[in-house]
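Tertiary structure, described
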Amino acid sequence: MGAAVFFGCAGIAFGPALALVLLTVAAEPLRVIVLVAGAFFWLVSLLLASLIWFVSVHLSDREDAKLQYGLLVFGAAVSVLLQEAFRFAYFKLLKKADEGLATISEDGRSPISLRQMAYVSGLSFGIISGVFSIINILADSIGPGIVGIHGDSPYYFITSAFLTMALVLLHTFWGVIFFDACEKRRYWCLGLVVASHLLTSGLTFLNPWYEASLVPIFIITLCTGLWAFVTAGGSFHNVLKCLSCKQEDDSRVMMYSALQVPFED
């Protein structure tokens, strides 16, 4: 039973992310590099947030339960702000890298677009965030013990898996929106990304009242996904064309000879 819960929850939490990595990232070396580097940036933000929370706890009264709970909320908020700060720093780094790749390329264009880097960086933030949020839960799911035997919710593992899946997808969507907002200097979009991240993190404090946390988080995920889809240039027409598996005929013909430089006498 423990193994079934482990693999089932792991599949729910990381199944979509694994499919995205295999289908869209693994075959491209530059995307793999962006994925790994993004995970490193997220880890540095987690390290700083953990350090701030650790110091604040040790400087406070550990016997005061309300204070400790407040410090936990404070630590979550600081972690969210640091993640978004490092997302911005990663955008700046990738922007410089994109300009450098365009400079050294033969055709003057970067082999990977900024939108692709935004998607991959968001996916990397989501995967590493999901790993750290559920790894201990998956370890406990193997056993021994039975969840809910003392009156607790028996849906702890399955709910945690769905929350992790939503978090991975949200980070992917946030990455696309955040990079586009930075590129076009739409500061209100940046504010909405940070606010939705703070709201999502805050909703998890309603657990184990899972109806009050899981449902709103998935509504936020759906809305953010539609926003990211439109931001990336998607449309309903493109979805229908993709589902119909039809390609439009291109009537424009470019002659190769017209692109050749004429010989000099």
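This section reports on the structure supplied with the text. (Residues numbered from 1 in each chain as written. Predicted model: local features only at pLDDT ≥ 70, side-chain atom pairs only at ≥ 80, totals over all residues. Heavy atoms only, no water.)

A few points about the overall build of the protein chain
Along its length, the protein chain carries eight helices and zero strands. Relative to its full complement of 265 residues, the protein chain shows a buried share of 37%. For the protein chain, the exposed surface amounts to about 16,500 Å²; the carbon and sulfur share of it is 70%. (Helix = DSSP H or I, 4+ residues; strand = E, 2+ residues; numbered from the N terminus. Buried < 20%, exposed > 50% of the residue type's maximum accessible area, 1.4 Å probe, protein only. Areas by Shrake-Rupley, 256 points an atom, 1.4 Å probe, with all protein chains shown as cover.)

Things to note about the nonpolar core
Core analysis: the biggest nonpolar cluster contains 40 residues, and V25, L123 and F179 have the highest contact counts within it. Counting residues per element, the ones that place at least two in this core are α1 (2-24), α2 (29-58), α3 (65-104), α4 (114-141), α5 (156-184), α6 (187-203) and α7 (210-231). Looking at this core, the element that brings in the most residues is α5, giving eleven residues. Each residue touching V25, except ones within four places of it in the same chain, is listed here: L20, R31, V32, L35, Y119, V120 and L123. Membership of the second largest hydrophobic core comes to nine residues, among which are F14, L138, F157 and A161. (Core = buried A, V, L, I, M, F, W, Y, C linked by side-chain atoms within 4.5 Å. Contact = heavy atoms within 4.5 Å.)

Things to note about the pattern of salt bridges
All chains considered together, the criterion is met by four salt bridges. Between R87 and E84 there is a salt bridge, with its nearest N and O atoms 3.0 Å apart. You can see R87 and its partner E84 sitting in helix α3, three residues apart, about one turn around the helix. Taken individually, R87 and E84 each receive the classification buried, so the pair is uniform in this respect. (Salt bridge = Lys/Arg side-chain N within 4 Å of Asp/Glu carboxyl O.)

Re a nonpolar patch on the surface
On the surface, L51, W53, F54, V55, L59, Y69, L72 and V73 cluster together to form a nonpolar patch covering roughly 790 Å² of accessible area. Where the nonpolar patch is concerned, the elements lending two or more residues are α2 and α3. Per element, the largest residue contribution to the nonpolar patch is four residues, and it comes from α2. Residue placement: W53 occurs in helix α2. (Patch = residues over 30% accessible without salt bridge, like charges linked within 9 Å, V, L, I, M, F, W, Y side chains within 5 Å.)

Quick word on the packing of aromatic side chains
Enumeration over the complete set of coordinates arrives at eleven aromatic pairs. When the centroid spacing of 5.7 Å and the interplanar angle of 45° are considered together, the rings of W42 and F132 count as tilted. Here W42 is found in helix α2, whereas its partner F132 is found in helix α4, with 90 residues between them in sequence. Its relative accessible area of 4% is what places W42 among the buried residues. (Phe/Tyr/Trp six-rings, centres within 6.5 Å; stacked < 30°, edge-to-face > 60°.)

Quick word on α1
Along its 23 residues, α1 runs 32 Å from first to last C-alpha, staying within 8% of the 33 Å computed at 1.5 Å per residue. Along α1, the helix axis deviates most sharply at F14, where the bend reaches about 55°; the proline P16 sits within four residues downstream. The complete set of buried residues in α1 reads G2, C9, A10, A13, F14, A17 and V21. Contacts made by the buried residues of α1 are with α4 and α5. (Expected span 1.5 Å × (residues − 1). Bend = angle between axes of the 7 residues up to and from the residue.)

Some points on the environment of I158
For I158, the location among the structural elements is in helix α5. With 148 residues separating them along the chain, I158 and A10 place their C-alpha atoms 9.5 Å apart. In this structure I158 touches C9 and I12, once residues within four positions along its chain are discounted.

Some remarks on the environment of L67
By secondary structure assignment, the location of L67 is in helix α3. For L67, a relative accessible area of 34% translates into the label partly exposed. Along the primary structure L67 and V57 are separated by ten residues, whereas in three dimensions their C-alpha atoms are 9.1 Å apart.

Things to note about the side chain of T172
Tracing the backbone through its elements, the reader meets T172 in helix α5. Looking at T172, the relative accessible area reads 4%, which means it is buried. Dropping the residues within four chain positions of it, T172 is found in contact with Y119, G122 and L123.

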